[in-house]
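# Survey of secondary and tertiary structure
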Amino acid sequence: MSRPAPKRVAESSTTMSELVMPNDTNPQGNLMGGNMLRWMDICCAICAGKHCAKPVVTASVDNVAFQSAIKNGEVITLEANVTRAFNTSIEVYVEVFAATMQGTHPRRTHHAFFTFVALDRDNGSPVPVPELLPLTDIEQQRYEAALNRRELRLVLAGRLKPEQAGQLQELFRQQA
Ligand SMILES: CC(=O)SCCNC(=O)CCNC(=O)[C@H](O)C(C)(C)COP(=O)(O)OP(=O)(O)OC[C@H]1O[C@@H](n2cnc3c(N)ncnc32)[C@H](O)[C@@H]1OP(=O)(O)O
C-alpha cells in the first residue's frame, strides 16, 4: 500500500481540558492515576487519528510517573503532538498541565510517549502512515530521539532482540 503525503506536527496537534470532579478522585481527593491515563490516551488517540486519517489503536504506553498530585476541582490541560512516524506506527508525546480553576498554581504534572498503529478500515490490518515533517528545533529534537525510544520499547516488548537494537548500542557506546 502506498504511503500518504507527509504532514506537519501542527496539523494534528491536540489540546483538551478536563475539570477534575469528585468521581475522578481517590479518598484523599487526588485525581486517580487510571483516570489520568484514560484522558492521556484519548488526547493522544485524537492526535494520532488526525495524523493518520485512519482508525488508530494504542499499541503501547511508555513509563508514566505520578510525581505531582492533582486535586479535586483543578483543571488539567493535555497537549499531544506527533513526534515521529515509522511504517504503520507513530509516536505521540503528551504533556499534562494542572492549575486551579482561577489559573493559579500552574504546573506541568505528567508526560508520556504513546505509540499508535493505523489500521485499514476494511480488514483491520496495519497500514502505512504519513511521514512527519519536523520544522521547529524542539520538533527536530523529539524526532531524532524517537528512534532510541522506539528501539527500547520494542526490546522491552520482546519484539526486538537487544543485539538488533543498533541505535541503542551506539548510544551506550557513546556514554561509556
Ligand atoms: C485508542 C485505544 O485505546 S485502542 C484500544 C487499545 N488498543 C488495542 O486494543 C490494540 C490491540 N493490539 C493490536 O490490535 C495489535 O497488537 C497491533 C495492531 C497494535 C499490532 O499488531 P501486530 O499484528 O503486532 O502488527 P505488526 O507486527 O505488523 O506491527 C505493526 C506496528 O505496531 C508496532 N508495535 C507492535 N507492538 C508494539 C509495542 N508493544 N510497542 C510499540 N510498537 C508496537 C510495530 O512496531 C509496527 O510498527 P511499524 O510498522 O511502524 O514498524
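Predicted model, so just to flag it, every value in this text is computed and none were measured. (Residues numbered from 1 in each chain as written. Predicted model: local features only at pLDDT ≥ 70, side-chain atom pairs only at ≥ 80, totals over all residues. Heavy atoms only, no water.)

### Describing the packing of aromatic side chains
One pass over the full model with this rule turns up two aromatic pairs. The interplanar angle of 15 degrees and the centroid separation of 6.2 Å between the aromatic rings of Phe114 and Phe116 together place this pair among those described as stacked. What makes Phe114 buried here is its relative accessible area of 1%. For Arg84, the ring lying beneath its charged end belongs to Tyr143, and the centroid distance is 3.9 Å. (Phe/Tyr/Trp six-rings, centres within 6.5 Å; stacked < 30°, edge-to-face > 60°. Buried < 20%, exposed > 50% of the residue type's maximum accessible area, 1.4 Å probe, protein only. Lys NZ or Arg CZ within 6 Å of the ring centre and 35° of its normal.)

### Considering the site of the ligand
Contacts to the ligand come from 18 residues, most closely from Asn87, Thr88, Ser89, Arg150 and Arg159. Burial of the ligand by the protein amounts to 59% of the accessible area it has alone, namely 1000 Å². Only α1 (33–52), β3 (56–61), β6 (107–118) and α2 (137–156) provide two or more residues apiece to the shell around the ligand. Looking at the shell around the ligand, the element that brings in the most residues is β3, giving four residues. For the shell around the ligand, the per-class residue count stands at eight nonpolar, six polar and four charged. (Near = heavy atom within 4 Å. Areas by Shrake-Rupley, 256 points an atom, 1.4 Å probe, with all protein chains shown as cover. Helix = DSSP H or I, 4+ residues; strand = E, 2+ residues; numbered from the N terminus. Nonpolar A, V, L, I, M, F, W, Y, C, P; charged D, E, K, R; others polar.)

### Details of α1
Taking 1.5 Å per residue, 20 residues should reach 28 Å; α1 reaches 28 Å between its end C-alpha atoms and fits that length. Met36, Trp39, Met40, Cys43, Cys44, Cys47, Ala48, His51 and Cys52 are the residues of α1 that are buried. Just beyond α1, the residue with positive phi is Ala53, at close to 55 degrees. (Expected span 1.5 Å × (residues − 1).)

### Re the UniProt feature "domain: HotDog ACOT-type" (unreviewed entry) in the protein
Per the UniProt record, "domain: HotDog ACOT-type" (unreviewed entry) is found at residues 10–122. For residues 10–122, helix accounts for 18% and strand for 41%, while the C-alpha atoms at its two ends are 28 Å apart. (UniProt positions renumbered as here; feature names shortened; annotations may be inferred.)

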